[in-house]
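Tertiary structure, described
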Amino acid sequence: MQHLGITGGIGSGKTTVCKIFETLGIPIYYADDRAKYLMSHDPDLIAGIIELFGQEAYLEPQVLNRAHIAQVAFNDKDKLAQLNALVHPAVGRDGLEWQAAQHDVPYTLKEAALLYESGSYRSLDKIIVVTAPLQLRIERVMARDGAQREDVEARISKQMPEAEKVNLADFVIYNDGEQALIPQVMGIHRLLSV
Ligand code: ATP
């Protein structure tokens, strides 16, 4: 069984594409959601976060104080790097356990916004990158989140440029509003199902 990753910049359409793979019966590990879960439920990770951010890191047991963590990490790049150094390996371990529990499927998918940035692409067999034109991504996220253009642009500017991700990809899905998604997903699915 192969284990693939799927990534792309903010608003590229990763989640939308994953929903299509789900309808084909492919199990998906949503790394960002899982990271949030583990930060509240994994005892070793919780202990590490308290060591870094103090007892205020939790409002009550298993309830992360996101505002406190965001504020400290925003002002202290070292703390942010240390937090990532705790969370990424925890998600990596959890993802491997999840992969081992999957049976009777041709392949699995791990969806993550920062698959390349976190280094987790190294433990995956192949990577799918979903890409869309920058302006379309910004407009889609503004519509989805009710966000301001500048906020979306600021979030995008912190990520690896999408063109670099496309260059590193094994498969690329173009979500530009012109090329239909389902045939592109089906093409990849067929190649991976032989
Ligand atoms: P993020 O990294 O922010 O989680 P994402 O890459 O998962 O974003 P989606 O949430 O799948 O992106 O898509 C962003 C928004 O654009 C969603 O509201 C989605 O419904 C919409 N969208 C995505 N693809 C298309 C499409 N081909 N046509 C119309 N709307 C689309």
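Source: prediction; values computed, not measured.

Within a sheet, neighbouring strands are paired by backbone hydrogen bonds and run either parallel or antiparallel to one another. A sheet is described by the order of its strands in space; here 5 strands give the open sequence 2-5-1-6-7, paired in parallel fashion. Strands at the two margins of the open sheet, each flanked by one partner only, are strand 2 (28-30) and strand 7 (171-174). Strand-to-strand twist across the sheet, computed as the mean angle between neighbouring axes with direction ignored, equals 20°. Against the sheet, helix 1 (residues 14-23) engages strand 1 (2-7), strand 2, strand 5 (107-111), strand 6 (126-131) and strand 7, with an angle of about 150° to strand 2. Along the sheet, helix 9 (residues 181-192) contacts strand 1, strand 5, strand 6 and strand 7; its crossing angle with strand 7, the most-contacted strand, is approximately 165°.

The domain boundaries assigned to the protein delineate domain 1 (1-27 + 108-194) and domain 2 (39-101). Taken together, the contact pairs 7 residues of domain 1 with 5 residues of domain 2. It is His 3, Lys 110 and Ser 118 that lose the most area in domain 1 upon contact with domain 2, and together they represent 54% of the buried surface on that side. Taken together, the links from domain 1 to domain 2 amount to 0 salt bridges. For the pair domain 1 and domain 2, the number of links is 0 residue pairs in polar contact (both at pLDDT 80 or more). Here the side of domain 1 that touches domain 2 takes 3 residues from strand 5, the largest share from any one element. For the side of domain 1 that touches domain 2, the per-class residue count stands at 3 nonpolar, 3 polar and 1 charged.

Turning to the nonpolar core, a few remarks are in order. If you look at the biggest cluster of nonpolar residues, it comprises 27 residues, and the most contacted ones within it are Ile 49 and Leu 83. At the level of secondary structure, the elements contributing two or more residues to this core comprise helix 2 (31-41), helix 3 (43-53), helix 5 (77-100) and strand 6. Discounting residues that sit within four places of it in the chain, Ile 49 has contacts with Met 39, Gly 54, Ala 57, Tyr 58, Leu 64, Ile 69, Leu 83 and Leu 86. Grouped together as the second largest cluster of nonpolar side chains are 19 residues, Ile 20, Tyr 30, Ile 128 and Ile 173 included.

All right, on to the packing of helix 6 (residues 134-145) against helix 7 (residues 149-157) then. The geometry of helix 6 relative to helix 7 is characterised by a closest axis approach of 9 Å and an angle of 120° between their N-to-C directions. The orientation of helix 6 with respect to helix 7, classified from their angle, is oblique. Where helix 6 crosses over helix 7, the handedness of that crossing is right-handed. Counting all contacts with helix 6, which are made through Leu 134, Gln 135, Arg 137, Ile 138, Glu 139, Val 141, Met 142, Arg 144 and Asp 145, the residues of helix 7 involved are Arg 149, Val 152, Glu 153, Arg 155 and Ile 156. Split by residue class, the contact of helix 6 with helix 7 holds 6 nonpolar, 1 polar and 7 charged.

Reading guide: rules and limits
- All residue numbers refer to positions counted from 1 along the written sequence of the respective chain.
- Predicted model: local features are reported for residues with pLDDT of at least 70 only, side-chain atom pairs are reported and counted for 80 or more only, and whole-chain, interface and lining totals are derived from all residues.
- Think of the side-chain values as coming from all heavy atoms in the structure, minus any hydrogens and water.
- When DSSP finds at least two bridges between two strands, those strands are taken to pair.
- For the purposes of this entry, the term helix denotes a DSSP run of H or I that reaches at least four residues, the term strand denotes a run of E that reaches at least two, and both are numbered from the N terminus.
- Lines fitted to the C-alpha atoms define the axes, with helices restricted to the stretch that makes contact. Angles between their N-to-C directions range from 0 to 180 degrees.
- Any two residues whose heavy atoms approach within 4.5 Å at even a single point are treated as in contact.
- These domain limits were set by an automatic method or by a database of domain assignments.
- Two parts placed together each lose some accessible area under a 1.4 Å probe, and the buried area is that loss summed for both.
- The term salt bridge refers to a pairing of a side-chain nitrogen on Lys or Arg with a carboxyl oxygen on Asp or Glu at a separation within 4 Å.
- In protein, a polar contact requires one atom able to donate a hydrogen and another able to accept it; more generally it is a pair of N or O atoms within 3.5 Å, and residues adjacent in sequence count only if both atoms are side-chain atoms.
- Ten residues, namely Ala, Val, Leu, Ile, Met, Phe, Trp, Tyr, Cys and Pro, are considered nonpolar, four, namely Asp, Glu, Lys and Arg, are considered charged, and the remaining ones, Gly among them, are considered polar.
- To define a nonpolar core, start from buried Ala, Val, Leu, Ile, Met, Phe, Trp, Tyr and Cys residues and group those joined through side-chain atoms within 4.5 Å.
- Residue exposure (1.4 Å probe, protein chains only): buried if accessible area is under 20% of the type maximum, exposed if over 50%, otherwise partly exposed.
- Roughly parallel means an angle under 35 degrees; roughly antiparallel, over 145; roughly perpendicular, 65 to 115; everything else is oblique.
- Crossing handedness follows the turn of the near helix against the far one: under a right angle anticlockwise gives a left-handed crossing, and clockwise gives a right-handed one.

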